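# Examining the three-dimensional arrangement
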Amino acid sequence: MTLRWTVGLAWVGTILLAASCGDSSIGKAVVAPGGTVDPSTWPADDKSICKYKETPDLEVSESVGPGAPKPNVRRVYKLVGDRESRRKVVSCREIDTNLDGIKDVARMFNDRGEATHEEADTNYDGRIDTWADFENGRLSKSETDTNYDGTVDVWKFYVEGELVRVRRHTHCPNGKEDVWEIYVKGRLDRIGNDLDCDGHVDRWDRDTERLRKEEHERRLQIEVVDAGAKAKDASTSDARAEDASAADSSAAEVVVQ
Ligand SMILES: [Ca+2]
Ligand SMILES: [Ca+2]
Ligand SMILES: [Ca+2]
C-alpha cells in the first residue's frame, strides 16, 4: 500500500513556484492532485549539496520539516575550538523544499555560526542555478542562472547587505554582461546598456520621472528653508527695533528726570 501525506502550505508554495518555471515534469512524481506527497518515490540518493560524505568524521542529523513525510532537513556539524572551548557548530544545512526527495537548497556557515555561502536549485531541475556569498553574515554577492540554461546571467553585488550594483546578460552572443544597473540607497539610479556588445556602455538610462519628483521635493525643501530663514530675519529685526525703541524711551525718561 502506498502511503500518502498531506503537504504543508509552505511547501505547496514552493512546489507551485517550481511548476511555474516551465518544466512540466517538475514535482510531478511527488505531488498528487489535492496536495499529497508520496514518499515512496523518493530516490535513495538525495543529491546532497553539503558534501558531507567526503568527510566521514562530520556529525550529521536529519529532521522532518513542516509537511514533510520523512526527514527532509539535514544538518552537518563540525567540532571547532581548542580543548577548553571545544564545541559543535553547524557547518552546512540543506533542505528538500519541494519534497521530491532531492535536496535543493543548502547554506554553509563559519565557526561563528554566520552564513558564508548558499546554493539553490530553484526550479528543481537537478541543477544549481543560484549561488550567494555572505560577508560577516550579510549577503554580499549573488549569481543566478535565471533562464536555467546552465550559465549565470545575473550578478548582484551588495554592500553591508544593501544592493548597489547588478550586471545582466540579456542579448550579447558572448554571454557576458551587457546591462549594468547602479543603485543608490537601495533604489535603481541608472541603467547602462551595451547595444553593440563590445563590453562598454553605449547608453545610460535614468528614471527621469523619479528624478523629476526628487528635484521637485528638493526645491520644496529649499523654499521651506528659505521661508524659515526669512521669518527668522524678520523676527530678529522686529526684536532689534523693539530694543531700540525701549532704549530711546529709557533715554527720554533719564532726560525728563
Ligand atoms: Ca527537492
Ligand atoms: Ca535548477
Ligand atoms: Ca542562463
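Attention in this report is confined to the structure presented alongside it. Sequence order as written defines residue numbering, which begins from 1 separately in each chain. Each chain is given a letter, starting from A, and each ligand a number, starting from 1, according to the order in which they appear as written. For a predicted model such as this one, the threshold for reporting local features is a pLDDT of at least 70, and the threshold for listing and counting side-chain atom pairs is 80 or more; totals across whole chains, interfaces and linings nevertheless cover every residue.

Our focus in this paragraph is the sheet that holds strand 4 (residues 59-63). The pairing criterion for strands is at least two bridges between them, as found by DSSP. Each helix is a run of H or I in the DSSP string that is no shorter than four residues. Each strand is a run of E no shorter than two, and both are numbered from the N terminus. Read from one edge of the open sheet, twelve strands run 4-5-6-7-8-9-10-11-12-13-14-15, paired in antiparallel fashion. Among the strands making up the open sheet, the edge pair consists of strand 4 and strand 15 (203-206). Direction aside, the axes of adjacent strands within the sheet are offset by 20° on average. Relative to strand 12 (residues 162-168), strand 11 (residues 154-159) runs antiparallel, the two sharing six bridges. Its bridge partner being in strand 12, valine 159 is matched across the sheet by glutamate 162. In this analysis an axis means a line fitted to C-alpha atoms, helices contributing only their contacting stretch, and an angle means the value between N-to-C directions, from 0 to 180 degrees.

Even without being glycine, lysine 47 reaches a positive phi, approximately 55°. You can see lysine 47 is positioned in the loop between strand 3 (36-37) and strand 4. You will see that leucine 99, though not glycine, has its phi angle at about 55°, which is positive. Among the structural elements, leucine 99 can be located in the loop between strand 6 (87-95) and strand 7 (105-109).

To continue, consider the pairing of strand 11. Regular strands show a simple pattern: their side chains alternate between the two faces of the sheet. Alignment of strand 10 (residues 138-144) against strand 11, held across four bridges, turns out to be antiparallel. Bridge pairing links serine 142 to lysine 156 in strand 11.

Our next topic: the environment of threonine 122. Take threonine 122: it is sitting in the loop between strand 8 (115-120) and strand 9 (130-135). In the structure, threonine 122 is positioned 22 residues away from threonine 144 in sequence and 9.9 Å away in space, judged by C-alpha atoms. Any two residues are considered in contact once their C-beta atoms, placed from the backbone, lie within 7 Å. Aside from chain neighbours lying at most four places away, what touches threonine 122 is Asp129 and Thr130.

Turning next to the environment of cysteine 197. Summarising the element assignment, cysteine 197 is placed in the loop between strand 14 (187-193) and strand 15. Along the primary structure cysteine 197 and lysine 176 are separated by 21 residues, whereas in three dimensions their C-alpha atoms are 8.6 Å apart. Setting aside residues no more than four positions away along its own chain, cysteine 197 makes contact with Cys172, Pro173, Asn174 and Asp178.

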